Every structure is written in C-alpha cells, then in structure tokens.
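Per-entry structural report
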Amino acid sequence: MRSSQPVAPSPAIPLAAARRNQAVEIRFFAFADHVAKPLRDVGLREGAALRIVSSHRRVIVAIGTSRIAVAADLAAGVFVEELAR
Amino acid sequence: MIPRRVSKLRWRNTVADWTANPSARPERRVALAGNPNVGKTTLFNRLTHQHHKVGNYPGVTVEHKSGSMLRPDAAPIEIVDLPGTYSLNPRSLDEEVAYRALIGAIEGSRRPDLVVCLVDASNLERNLYLASQVLDLGRPTIIALNMVDVAESAGIEVDPRKLSEELGAPVVSIIASRGEGIEALRNAIAGPLPLPARRRWKLDPCVEQKVEQLAQQLARDLPGLSPQQRFSDALRALTQRGASFFEVHHTPGFWLQVREARQALENAGISSEQAEVAGRYGWITPLVARAAAQPAAAQTTLSDRIDAVLTHRIAGPIAFFLILGMVFQSVFNGAAPFMDAIDGATVAVGNWLGASLPAGPIRDLLVDGVVAGVGSVVIFLPQILILFFFLGLLEDTGYMARAAFIMDRVMKRVGLSGRSVVPLISGFACAIPGIMAARTIENQRDRLLTIMVTPLMTCSARLPVYALLIAAFIPAGAVFGILSYQGLTLLGLYLLGIVFAVVAAWVLKRFVVTGDPSVFVIELPPYRLPRLRDVAWRMFERSRSFLRRAGTIIFAAAIVLWFLATYPQVDPKLEIEASRAELSQLLSETSHAQRRAEVSARLAALDSAQASYALRHSAMGQLGRFIEPAIAPLGYDWKIGVALISSLAAREVAVSALGTLYSVQDADETSTRLLDRMRADVNPETGNPTWTPRVAASLMVFFVFACQCLATVAVVRRETDSWRWPLFMFGYMSALAWIAAFITYQGSSLLGLS
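What comes next concerns the included structure. (Residues numbered from 1 in each chain as written. Chains lettered and ligands numbered in written order. Predicted model: local features only at pLDDT ≥ 70, side-chain atom pairs only at ≥ 80, totals over all residues. Heavy atoms only, no water.)

**Things to note about unusual backbone geometry**
All names here are of chain B. The peptide bond linking Tyr567 to Pro568 adopts the cis configuration, its omega dihedral lying at -5 degrees. You can see Pro568 is positioned in the loop between α21 (532-566) and α22 (574-589). One non-glycine residue, Met147, lies in positive phi territory at about 60 degrees. In this fold, Met147 is placed in the loop between β5 (141-146) and α4 (148-153). (Helix = DSSP H or I, 4+ residues; strand = E, 2+ residues; numbered from the N terminus.)

Okay, structure coming up:
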C-alpha cells in the first residue's frame, strides 16, 4: 500500500520476459495508478501470485482459475518477484 | 473445458440466518450484479423465463434490462439484469450503467430493494472484491455462488455457510446454466429481506481516518445520505482520481478537504489509490482461504492446452482465418438445398396466384410485387441461419475473447486495442449490437473509432446481396475440389470489410479522432461446450427477426416499388404498336412451324421492349434515370440505381427491388429466377448486357463500404449523442463506396476483364 512509483529492485524481472509456466508475484506497477486500475480490476494487483501461461508479445497469466491477457507493453511495466523456477 | 457432469453438491443456503423483515414487499425490485461473464443473464433468463442473449465472453450485456419473476403465490418481482462490472468504480459506459442502477441514479427507476450479487465460485477472490463493494452500499444483499460445478472440476470446494458467516450475508449456491439451485434462490428473493451487511474490512489506519473525516463532512453537507453511502462516497472521492458523475453533488469545500487528505497521505508515502484495493484484498484473501479449499498446485487445464494452439503467435492467426473461411464456405455450400426448396415454394406460390386470380393490377401487384419482391429476399434465410449458427458457436465456446487477443497486434498498429475486436465481430451479425458492444471500451477515443468503423464489417443484411450476385456471376467450381470459388469470393468480401475497417480506423485516428489508445486487458473465459439450445434459440430469434423484416419493411417496400415501377403508365410508342399489329397479322396467316416460331420470338422481344419502355417511363424509371449519371461510371444502369436508393431502408431491399423490377419488366418470362433475369437483361440503348461480372464485382464492393442502413445511423446518433458523427460516418462510407466501386469497375476494364 506504499507508493507505487517505480524503483528498480535488482531481483525483480518484467512480467513480459518471464518464462512460460513460471510462478511469479506482482510487486508493483511501474506506471501511473490510473493505468494500473484496469489490471487491478481483473485481479492483477500487488501481491497477487500468478503463473505465466504465454508470453509472446501479449502475455497470458493465470490467477487461480482465471486467465488474463495483457498487452506486452503493460506486462513489461509490471515488476514481478520470481517465486519458483 | 468444463465437463457437463451433474454436480453432487448439496444445495445449501443461509438465507434464514440473515432475515429481519417478515413481510415481503409486493413491488420488490431486485438487481443482478456481478463480474462480466459470471452468468447474470443466464440467471436472469432462468428467473424470468426470458431468452436474452448469453455468451461465453465478457461484455455480452451492455444495457440494464428487466423482467418479472412470477410466482403462483405472490405478486410479481421485478428482476433487473445489469451489465457486468469488475468494481463499483466505473471505467466504461456499461460499468457506469451497472453502478448507477445499484445506487438508484438512473432516471425513471428507483434503487433496488435487494441485490443478488453473483460470484464465480471458481474465481472467488476476484469476484468478492465487487461483492464487498456491493455489500458496502448498505442494501439487502444475497450472494449467489454460481459455477459451483466449474469450481469442483478445478478442485475448489467452497463452504457456503462459512462464506456466509465471513461476509455477513446469505449465500445460495447455484449452477445457473443447468438450472440447479434456482428454486432456492427464487425462495430467497421472494422471502423476507436480509439485513444489510456491516463493513468488515479495514483500511490502512491513516486512510481510514481521512475517510472518516470526509464522511463527517458529507454528513454536514448532505444530511440525507445514509452512513453507508457517506462512507462509500468519501472512499471513492479519496481513492479514485478523475472520479466521474458521482462528484457533482459534493460541495467545493468537500473537494478541498479531499485534496488536502490526498496530499497528506502522499507526504506520508501512502498511495491513496491503492488504499481500497489493499484494504479489501487484505480482508478477502484470508477469508477465501478459510471458506474455500483450493487445490495444492496450479493446474494446466484443457483450456490452457487449447489456447497453446489458438492463441499461438503463428498458429493462432492461421486458425482464426481458417475458422472464418470454414464459416463462409459452409454458408454457401450448406444452404443450397434449402434455398432451392424456398425458391421452388416461391415459384409455386407465384404460379398459383397467377393462375387463380383474374388478370389485372391486383394480380400483377401480388405476383410481380409481393411474391417476387419478398420471395427474392426470403430465399436467403438458410444462409443467414447458418451464419448465426457459427457465430453462436464462436460466442458460446469462448473463442470471441481469443479473437480479440489474436487481433490485438493488428489493432494496436492502427491505434486501437483488441477490445475493439468483440464489437467488430458482433458486427458480422448486425452493426447495431456491434455499436452497442463498444460501450465496454472505457477509452472514449477508442470507443468512437470502433463505432465509426463497425458498420464496415459485413453484416447479415449484406448477405442476400452478395449471395445473389455471387450465385449469378461467380462460377461454381472449386480450388483443389474443396474451396469453392463462390465461398472464397464471399470470404474475400468479408476480409475486404475487415481490412478496410482497420485502414479506416488508422486514417481516422491520424486525422479525425486523435488521442492516446487504451490499454489491452481482457479476461479469457474457459472454453465451454456450446449449449445447442441457446444457439438454436438465437437462430430462431434471428430467423423470426429476418422474416418480420420480410413481412414489414420488405413487404411494404415491394408494394411501393411495384407501384413506382408500374405507374404512371404510358402509351407504347406508335412504331411498337404498328410492329405488333404487323407481326400479329403475320402470325395468324402463317402455318409453317419454323416461321411461326420466328414471328413468336419477335413478338416476345417486342413485348419485352414495350415493358422496358414502360418501366423506363414509370416513376421509378424517372428517378433511376435522374441519378444514372452519378452511377454510370461505376457500371450501373438506372435499375441498379433504384436498388441502391431502396436499400437505404435496409440493405436486403436492394434484392427485393431488383426482384420487383425484373418481374415487372419480364412479366411474361417463364423463368422466375431473379439471377436468370439479371443475366438475360440487355440495355435497350446499347444492346449490351446490363449485368457483367465487372458490374457485379463493382456492386459488391459498393455494398462492402456503403452505409446503406438508416437504423445504424440512428443508433450512432444515440450512442454518440450528436448528429456530427453519424453524418460523418454516412459521408465517409458513401464516398469510400463510390471510389472503391469506380476503381473496381474501371480498373477491371483497364485489365481487359469483361
């Protein structure tokens, strides 16, 4: 809940670059909150644990049973913490 | 893919735990709220026994609609189906409709007495975010836990009693698609109203304090607001920047306090805009862990495996175009026997009327006007049904959202996003629902661009025009014995519409509707086996609508066109009369069979010339010849011009107009097939055929681009709240149609084509 302004933590990797089947967690959004809102609305929020289903240009992520497709430029602005390889 | 097995879940509900008012109000108004694609309309149809369109993709419902839940022992209860929304902080028009309806801000309708909030049991955490906002409104609320079967198949077991305790509201488990649990929900809706839930989640203490201060300010400014409404308004004002219509009733002093509160939070390093999300999920996440047993490990589903192909960067677009190709091949090849049967029936009715009625204007009106005009359109019903069968399958399986995903790359390049694809594909059925579906696009620039280009998508009303011209002038052979030339031509026309919709969007984005594009985020629903009953109902609805149009607009147009093509009647030219008298004399004097045949043929040609002369001098002929100079460069004669003008009422009327025109002109012809008459038509002035493949191609291209539909213009006027955009759309599409048809006709001439 602290500020979502981008900082560049070293262990974080962009969602768009995450490998298929990789489990990740969204740390924060590297863009303004009004852009982050559509993502949060569909469940892509800070702290959410995801799984990458596909990451070609547009990213498909799994949150539980739901599958969300996100444009690559948005996905690239989401920093994630690697949970498992 | 969701299996169709019967759920073994025992239906439990916790309504009795939360009721206070023992008497049900007879005029009860119940709103169905929930995330997109959670099954609200399916439930609405179950409760009200209506048949509104459902589909397996987000954004099927964009307007609120109401119906009555009838019970034998009680007064009717009004059920209101709302568009899906992810939160009560609306971003798009359809979400705003849902929010306004829930707070009673829609003109002419009051606040609901009860809210039934549908949540997807298989995606509980995300769905409870909206549910928590609905509960905060302070209205009696029932949580309908839908898709329990889907949750079970994913290994998720939800405990409704535990969930109810945690939420502070009654929970009823249902499977709306199969009608399971609906009776329990009906009883809950009709029974005593549950007590409104109290807020159980907490904000960050600093934010909570600011919201309380703002709520106190609201209590002073607007004493009529309930405590829950004060809290909701204060929270929204603080956490939603650029909040829209609900700001207007707040005072400048309140907004000053909001700005100060935001600044104070920012100085403390706290994001006010994340406060609500963090607070609600901070409550929901552990709640879900307590109320639902989740599978230990993430599962790769059958939908994931299908998506590995259908959303693949190379295989996905190939599959998309193969699916479209298969649809249009089927439209042509599968409909032929049924069309022949309708054609035969139309001919039989015409012949029967011709033989039964005495000669005169009434018989001519019925045979040449009504039967020829209406029959020439009704014949295309099988093709429209096949098209809607496949569109229904695409919508029900969940492929529509994948199409949006695949096309996002192309749409991005022209300044739109994949969100525009669902309205555009809906335009294959009819531009009007496509334009309405654009309400789901939150970015106003993207929404306007989508509205402007959706009518370029080939709607089903164009199909009769294409089908007639393709059948008449495209050979029936096939490439490799599989892909028919006719089906490929139809596919080409659909693709032409798609390509130019994209091109038009690009041009409009650069020069007319400027601004930043919206972001692309879309939920991909799990693939489902299509419910054939829903698909069949949609086909039935479409055929009923098509036949209603045939029985009203096209019927009326056929009668008007017959009168315009028949009157004013002119005396035949003197030389025609003299030739007829001479030939009739010759026929009566000749007994030689070959000679008699020659004279009879000359008499028939004379009759045709006379009919043609009369038609040219009828009101329709004069109108057609008036516009002929404008359309002659496109290869059209005045009869085609009349068809173009008539098609402004509805595109299919062009076919009906040609049917009536050729029936009036060739009243004595034995062939009753419109395409045969068109092929045989000769320009009396030049002696050349009126119709050639070049003319047909030019006319088809004209129909790809022209906005020949006044209903579409009216809907664009309503959706943009201005005449500027519908007039602009009509103008640019008409200009595009003329230029494209000109290039097609004159270009093919330069290439030496006939």
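**Here we look at the sheet that holds strand β7 (residues 171-173) of chain B**
All names here are of chain B. Pairing is mixed across the open sheet formed by six strands, whose spatial order is β2-β3-β1-β4-β5-β7. The sheet is open, and its two edges are formed by β2 (65-71) and β7, each paired on a single side. Sheet twist, expressed as the mean angle between neighbouring strand axes with direction ignored, is 25 degrees. Judged from the four bridges that link them, strand β1 (residues 29-34) and strand β3 (residues 74-81) form a sheet pairing that is parallel. Along β3, the bridge assignment pairs Val30 with Ile79. (Pairing = 2+ DSSP bridges. Axes fitted to C-alpha atoms, helices over the stretch in contact; angles between N-to-C directions.)

**Remarks on a nonpolar patch on the surface**
All names here are of chain B. Taken together, Val499, Val503, Trp506, Val507, Phe511 and Val512 make up a surface patch of nonpolar side chains, about 500 Å² in accessible area. Within the fold, Val503 resides in helix α20 (residues 485-511). For Val503, a relative accessible area of 37% translates into the label partly exposed. (Patch = residues over 30% accessible without salt bridge, like charges linked within 9 Å, V, L, I, M, F, W, Y side chains within 5 Å. Areas by Shrake-Rupley, 256 points an atom, 1.4 Å probe, with all protein chains shown as cover. Salt bridge = Lys/Arg side-chain N within 4 Å of Asp/Glu carboxyl O. Buried < 20%, exposed > 50% of the residue type's maximum accessible area, 1.4 Å probe, protein only.)

**Comments concerning empty space enclosed by the protein**
All names here are of chain B. Counted by the stated rule, this structure contains nine cavities of 30 Å³ or more. Taken as a whole, the largest cavity holds about 690 Å³ of empty space. What lines the largest cavity is a set of 46 residues, and nearest its centre among them are Pro36, Asn37, Val38, Gly39 and Gly55. For the lining of the largest cavity, the secondary structure elements donating two or more residues are α1 (40-48), α2 (93-103) and α4. Here the lining of the largest cavity gets three residues from one element, more than from any other, and that element is α1. Taken together, the residues of the lining of the largest cavity sort by class into 21 nonpolar, 13 polar and twelve charged. Here the second largest cavity is characterised by a volume of approximately 100 Å³. For the lining of the second largest cavity, the secondary-structure elements that each account for two or more residues are α12 (315-356), α15 (399-413), α16 (421-426) and α20. (1 Å grid on protein atoms, 1.4 Å probe; cavity = no way out; pocket = protein on both sides within 12 Å on 5 of 7 lines; lining within 4 Å. Points joined across faces, edges and corners; volume = space filled by probe spheres on them. Nonpolar A, V, L, I, M, F, W, Y, C, P; charged D, E, K, R; others polar.)

**Section: the interface of chain A and chain B**
Tallying the contact residues gives 33 residues for chain A and 43 residues for chain B. With both sides pooled, the region where chain A packs onto chain B buries about 3,400 Å², and carbon together with sulfur makes up 55% of that total. Where chain A packs against chain B, one counts three salt bridges. Applying the counting rule to chain A against chain B returns eleven residue pairs in polar contact (both at pLDDT 80 or more). Broken down by secondary-structure element, the contributors of at least two residues to the side of chain A that touches chain B are α1 (33-41), β3 (49-56), β4 (58-63), β5 (66-71) and α2 (72-76) of chain A. Residue contributions to the side of chain A that touches chain B peak at eight residues, all from α1(A). Where β5(A) and strand β11 (residues 521-524) of chain B come together, four bridges link them in antiparallel fashion. Its bridge partner lying in β11(B), A:Ala69 is registered against B:Ile522. (Contact = heavy atoms within 4.5 Å. Buried area = accessible area lost by both parts, 1.4 Å probe. Polar contact = N/O pair within 3.5 Å; in protein donor to acceptor, adjacent residues only side chain to side chain.)

**Some details on the packing of helix α28 (residues 693-705) of chain B against helix α30 (residues 724-750) of chain B**
All names here are of chain B. The contact between α28 and α30 brings their axes to 8 Å, and the two run at 160 degrees. Judged by the angle between their axes, α28 and α30 are roughly antiparallel. At the point where α28 passes α30, the crossing takes the right-handed sense. Where α28 abuts α30, its residues Arg694, Val695, Ala697, Ser698, Val701, Phe702 and Phe705 lie against Met733, Leu736, Ala737, Trp738, Ala740, Ala741, Thr744, Tyr745, Ser748 and Ser749. For the contact of α28 with α30, a count of residues per class yields twelve nonpolar, four polar and one charged. (Parallel < 35°, antiparallel > 145°, perpendicular 65-115°, else oblique. Left-handed = near helix turned anticlockwise from the far one by under 90°.)

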